[in-house]
Amino acid sequence: QSHNEVASLMETKFARFLTGPQTPQDAYALLKKMAERAATPEEALPFTSSNHWTDPVRRVVEAMLELGTKNSGNQDWANFAAVLACLDAQGFGLKKSIRAKVAYLAEDWATAVALWESANDKSSPDYREAKARVAPYPEKLVHLHALQRHDLVLEAFQANPNVVLDNESRRIVGLGFLA
């Protein structure tokens, strides 16, 4: 197929998705197809050189995230995260905070934290939870405390009896005992 035929077919699929009933599976299939079509920088250039393609891709990504988090079905967030990483690497300019949320849903805590931190978006409970999962002790105490997970504060404290705590960490552990 020529580039024009591929573009026309992709344009039709994006238009249908953005104007019709949407499912997370449809969004994933559409984004995966775009990632396949834009697999190399040469192939990506016609798609990434204008908002004609980058805006609809971003809108589908946002719709996928919204649909996937609303539906109780078991989404394959790890594969979705891989597709987003591919699209972003090819120049679609996806928001790091959205990629971070998808990595979080895929339980890829380190990637989620890295993306949120590079976006300077460290205020969400999801960021704090992911950070608590990857941060070393006693740094994780601050994040667990912010989430009001006193049970996990005490669990971490009891699992690390030989670690000397600074004043703030001792205060957090003390609050955990009072909770």
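Here the structure is a predicted model, which means the values were calculated and not measured. (Residues numbered from 1 in each chain as written. Predicted model: local features only at pLDDT ≥ 70, side-chain atom pairs only at ≥ 80, totals over all residues. Heavy atoms only, no water.)

Engineer: Can you help me understand the packing of helix α4 (residues 51-70) against helix α6 (residues 96-105) in this one?
Structural biologist: To describe two helices that pack against each other, one gives the angle between their axes and the distance between the axes. For the pair α4 and α6, the least separation of the axes is 11 Å and the interaxial angle reads 35°. The way α4 lies across α6 gives a crossing that is left-handed. Of α6, the residues touching α4 (which contributes Val61, Glu62, Leu65 and Thr69) are Ile98, Lys101, Val102 and Leu105. Its residues assigned to classes, the contact of α4 with α6 shows five nonpolar, one polar and two charged. (Axes fitted to C-alpha atoms, helices over the stretch in contact; angles between N-to-C directions. Helix = DSSP H or I, 4+ residues; strand = E, 2+ residues; numbered from the N terminus. Left-handed = near helix turned anticlockwise from the far one by under 90°. Contact = heavy atoms within 4.5 Å. Nonpolar A, V, L, I, M, F, W, Y, C, P; charged D, E, K, R; others polar.)

Engineer: Would you take a moment to explain the layout of surface pockets for this structure?
Structural biologist: A water-sized probe, rolled over the atoms, reveals where empty space remains. A volume near 190 Å³ is recorded for the largest pocket. Contributing to the lining of the largest pocket are Glu129, Ala132, Arg133, Lys140, Leu144, Leu147, Arg149, Leu152, Glu155 and Ala156. Elements supplying a minimum of two residues to the lining of the largest pocket: α8 (125-134), α9 (139-146) and α10 (150-159). Counted by class, the lining of the largest pocket contains five nonpolar, no polar and five charged residues. (1 Å grid on protein atoms, 1.4 Å probe; cavity = no way out; pocket = protein on both sides within 12 Å on 5 of 7 lines; lining within 4 Å. Points joined across faces, edges and corners; volume = space filled by probe spheres on them.)

Engineer: Help me understand the pattern of salt bridges in this model?
Structural biologist: Any two side chains of opposite charge can pair, given that their charged atoms come close. Summed over the entire model, instances satisfying the criterion amount to ten salt bridges. Ionic pairing is found between glutamate 139 and lysine 131, a salt bridge with its closest N-O pair at 3.6 Å. Among the residues examined, lysine 131 registers a relative accessible area of 14% and is labelled buried. When the shortest N-O distance is used, the salt bridge between arginine 149 and aspartate 151 registers 3.0 Å. (Salt bridge = Lys/Arg side-chain N within 4 Å of Asp/Glu carboxyl O. Buried < 20%, exposed > 50% of the residue type's maximum accessible area, 1.4 Å probe, protein only.)

Engineer: I keep staring at empty space enclosed by the protein and nothing clicks. Help me out?
Structural biologist: Counting across every chain of the model gives one cavity of 30 Å³ or more. The computed volume of the largest cavity comes to approximately 40 Å³. Arg58, Val61, Glu62, Leu94, Lys95 and Ile98 together form the lining of the largest cavity. By residue class, the composition of the lining of the largest cavity is three nonpolar, no polar and three charged.

Engineer: Help me out: how do you make sense of the confidence of the model for the protein chain in this one?
Structural biologist: Note: predicted coordinates in regions of low pLDDT should not be interpreted at a detailed level. Averaged over every residue, the pLDDT of the protein chain is 90; the share at 70 or more is 94%. The spread of mean pLDDT over the elements of the protein chain runs between helix α1 (residues 3-19), the lowest at 77, and helix α7 (residues 109-118), the highest at 97. (pLDDT = per-residue confidence, 0-100.)

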